[in-house]
Amino acid sequence: QVQLVESGGGLVQAGGSLRLSCAASGRTFSGSAMGWYRQSPGKQRELVAEITMFSITNYADSVKGRFTISRDNAKKTVYLQMNSLKPEDTAVYYCTADKKSKTTWNYWGQGTQVTVSS
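Remember, it's a predicted structure, so these values are computed and weren't measured experimentally.

> Explain the overall build of the protein chain to me, using residue names and the numbers behind them.
For the protein chain, the helix and strand inventory stands at 0 helices and 11 strands. Along the protein chain, helices (α) and strands (β) appear in the sequence β-β-β-β-β-β-β-β-β-β-β when read from the amino end. Relative to a compact globule of 118 residues, whose C-alpha radius of gyration would be 13 Å, the protein chain shows 13 Å and is just as compact. C-alpha atoms of the protein chain, sized along the principal axes, occupy 40 × 25 × 25 Å.

This is the structure in structure tokens:
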């Protein structure tokens with residue numbers, strides 16, 4: 001059974017940092033893209049960042065220069081380093097893997113809450 005398990009969420013003050021991790025089990029995703037989405041109350045789920053199997057990255061404009069996505073294929077883990085956090089970054093963050101199309105992914109994690117206080 002394939003699982004993506006996120007960790008590292010929590011409560012942080014504005015301007016602070018958090019590092020999210022997503023560990024995959026059940027199969028390797030070294031040949032697949034992986035990504036992070038987020039969803040806050042009343043809003044649609046949005047792409048935060050994604051990384052290809054060649055480690056080419058793509059970011060939402062709202063997080064460029066503040067967030068960094070990376071992957072460690074040996075550990076089957078993808079990371080999201082979040083710096084200079086803002087209250088508007090508050091959301092549930094979801095890990096994704098194995099991209100099927102521009103907006104469709106085969107696997108999703110259960111999500112981890114990130115709350116940024118002002």
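Structure's up, so let's keep going.
> Quick rundown of the pairing of strand S3 (residues 18-25)? Include the residues and the values.
By the bridge criterion, 5 bridges tie strand S1 (residues 3-7) to S3 in an arrangement that is antiparallel. Considered in S3, the bridge of Gln3 is made with Ser25.

> Outline the state of the cysteines, listing residues and values.
By the definition in use, this model includes 1 disulfide. Between the sulfur of Cys22 and that of Cys95 lies a disulfide, 2.1 Å long from S to S. Between Cys22 and Cys95 the disulfide shows an S-S torsion of about -80 degrees. By sign, it is left-handed. Of this pair, Cys22 sits in strand S3 while Cys95 is found in strand S9 (residues 91-99), placing the two residues 73 residues apart along the sequence. For the pair formed by Cys22 and Cys95, the shared burial category is buried.

Reading guide: rules and limits
Residues numbered from 1 in each chain as written. Predicted model: local features only at pLDDT ≥ 70, side-chain atom pairs only at ≥ 80, totals over all residues. Heavy atoms only, no water. Helix = DSSP H or I, 4+ residues; strand = E, 2+ residues; numbered from the N terminus. Rg over C-alpha atoms; globule rule 2.2 N^0.38 Å. Pairing = 2+ DSSP bridges. Disulfide = S-S within 2.5 Å. Buried < 20%, exposed > 50% of the residue type's maximum accessible area, 1.4 Å probe, protein only.

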